[in-house]
Amino acid sequence: MRRYIITGLALVIVLSAIVILHPRRPQHVSDDNATDSYEYYYNENDTAVEEEDSLLPDDLNSILADNKTVPLDLVPDSITVLVNRVYPLPSDYVPLHLVVPDVKFSFSYLNDKRKMRKVAATALEKLFKAAEEKNLELVGVSGYRSYARQKEIYDRNILTRGQAATDTVSAKPGSSEHQTGLTIDVSAQSVNYRLDQSFGDTKEGRWLAKNAHLYGFIIRYPYGKTEVTGYSYEPWHIRFVGVAVATYLYNNDLTMEEYYGVEAVTEDTPDNAVDVEDPDTVKYATPKPTRRPTPKPSATPKNTKKPKSTDKPENTKKPKSTRKPDGTTDMPEPTEKPAAPRPTATLPAPTENPATPPPAPTEQPGTSIPAINDENAGSSQ
């Protein structure tokens, strides 16, 4: 009996030592695979807690009657949660079920930015596969980004750029959608795997913008919506919200802020803010979205009709009425009316007509009218 007790105590001691000494996995690993100085809870194996789905019904028409906005979703675990500078996530929020999707990335080292929430990772795999079937290759650049990681980026930028400049290029901790685990930045070889605004004009970027909603993703910061979202145009930034919501937003050309009917821009919101991990790698450009130029060509033919209206001045028949004063003593002969356009075409015509009536009264001091006709005849020769 004594032996069993000693053996049991030994087992308890060994198991306790394993639990106590077992290190927690780091939440961020640097480019050289070195562990960063901070660690916090990693919940990849927490499958006991089920994921929170969207708080909105699948049939959005049931709550969107009369074009009303939907109730604001601020539940961190919801796939339709709104996250921006005005509505940040809690500092202690860590999404559930972070996994690495089976897709290509622009880097080879291990890093948490490979991860996404399982529901979004599964949808991303389907999205990338659909692109491959169209001979288009998309790659992941940056997925999940923890609050601690975002704070590290933000604080580092303040030291090198200053507060004001940092706010224009780096999201404040808690205001980045990457913390949800539902967002990922993507790119393609056509832009050298960079986060480039011209990505929106590539064949990969155009296909992504047109088809992302079919797999539950939206272009979170679309072109021309900076004053609504508070972030610059980011054709690479896709956010998972579910197929129903993504399709509704796409068909109605809405952002999440417009969908919920809230403001995301304040007085101190910068005009060119971006939500990226390394602002120095972003390449800005003057994007030419493919959806906007389409109405312009249809407008140009209409404008071409306007020059035709300039032909209306040919209706200069009105000057005929101005010749009526000349014939007040005579009846308005029909032969004088066609003579009106002749002065405009040939100027010599007026010189022949004045030869008969006007000179006669001025040269009356002469003895006879036939003599005047002889002089005119001689001068013409």
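In this report, we go over the structure that sits alongside the text. What you see is a predicted model, and the numbers here were worked out from it, not measured in a lab.

What follows deals with the pattern of salt bridges. For the coordinates displayed, the defined rule picks out ten salt bridges. Here Arg149 and Glu152 are joined by a salt bridge, their closest N and O atoms 2.2 Å apart. A residue pair is termed a helical-turn pair when its members lie 3 or 4 positions apart in one helix, as Arg149 and Glu152 do in helix α3 (residues 147-161) at three residues. On the basis of relative accessibility, which here comes to 11%, the residue Arg149 falls in the buried class. What makes Glu152 partly exposed here is its relative accessible area of 27%. Residues Arg239 and Glu177 are paired through a salt bridge, measuring 2.8 Å at the closest nitrogen-oxygen approach.

Here we take up the sheet that holds strand β3 (residues 139-142). With antiparallel pairing, four strands are arranged side by side in an open sheet as β3-β4-β7-β6. Single-partner strands in this sheet number two, and they are β3 and β6 (217-221). Taking the axes of each pair of neighbouring strands and ignoring which way they run, one obtains an average angle of 50° across the sheet. By the bridge criterion, three bridges tie strand β4 (residues 183-187) to strand β7 (residues 234-240) in an arrangement that is antiparallel. Considered in β7, the bridge of Asp185 is made with His237.

Turning to the environment of Tyr260, a few remarks are in order. Mapped onto the elements of the fold, Tyr260 is located in helix α8 (residues 256-260). From its side chain, Tyr260 meets the backbone oxygen of Thr80 in a polar contact 2.6 Å long.

Bringing the packing of aromatic side chains into the picture now. With the rule as written, the count across this model stands at seven aromatic pairs. Between Tyr223 and Tyr233, the aromatic rings sit 5.4 Å apart at their centres with planes inclined by 85°, giving edge-to-face as the arrangement. Highlighted residues: Tyr223 in the loop between β6 and α6 (226-229) and Tyr233 in the loop between α6 and β7, separated in sequence by ten residues. Of the residues examined, Tyr233 reaches a relative accessible area of 12% and is grouped as buried. Three or more aromatic residues link up through ring pairs in this structure, and these residues are Phe105, Phe107 and Tyr109. For Lys113, the ring lying beneath its charged end belongs to Phe107, and the centroid distance is 4.7 Å.

Turning next to α3. In a regular helix each residue adds 1.5 Å, so 15 residues correspond to 21 Å; α3 covers 20 Å between its end C-alpha atoms and thus fits that length. Within α3, the full set of buried residues consists of Arg149, Gln150, Ile153, Tyr154 and Asn157. The arc that holds the buried residues of α3, viewed along the axis, is 135°, so those residues lie on one side. Elements that come into contact with the buried residues of α3 comprise α4 (163-169). Immediately beyond the C-terminal end of α3, within one or two residues, lies Gly162, with a positive phi of roughly 100°.

Quick notes on the rules
- Residues numbered from 1 in each chain as written.
- Predicted model: local features only at pLDDT ≥ 70, side-chain atom pairs only at ≥ 80, totals over all residues.
- Heavy atoms only, no water.
- Salt bridge = Lys/Arg side-chain N within 4 Å of Asp/Glu carboxyl O.
- Helix = DSSP H or I, 4+ residues; strand = E, 2+ residues; numbered from the N terminus.
- Buried < 20%, exposed > 50% of the residue type's maximum accessible area, 1.4 Å probe, protein only.
- Pairing = 2+ DSSP bridges.
- Axes fitted to C-alpha atoms, helices over the stretch in contact; angles between N-to-C directions.
- Polar contact = N/O pair within 3.5 Å; in protein donor to acceptor, adjacent residues only side chain to side chain.
- Phe/Tyr/Trp six-rings, centres within 6.5 Å; stacked < 30°, edge-to-face > 60°.
- Lys NZ or Arg CZ within 6 Å of the ring centre and 35° of its normal.
- Expected span 1.5 Å × (residues − 1).
- Arc of directions from axis to C-beta.
- Contact = heavy atoms within 4.5 Å.

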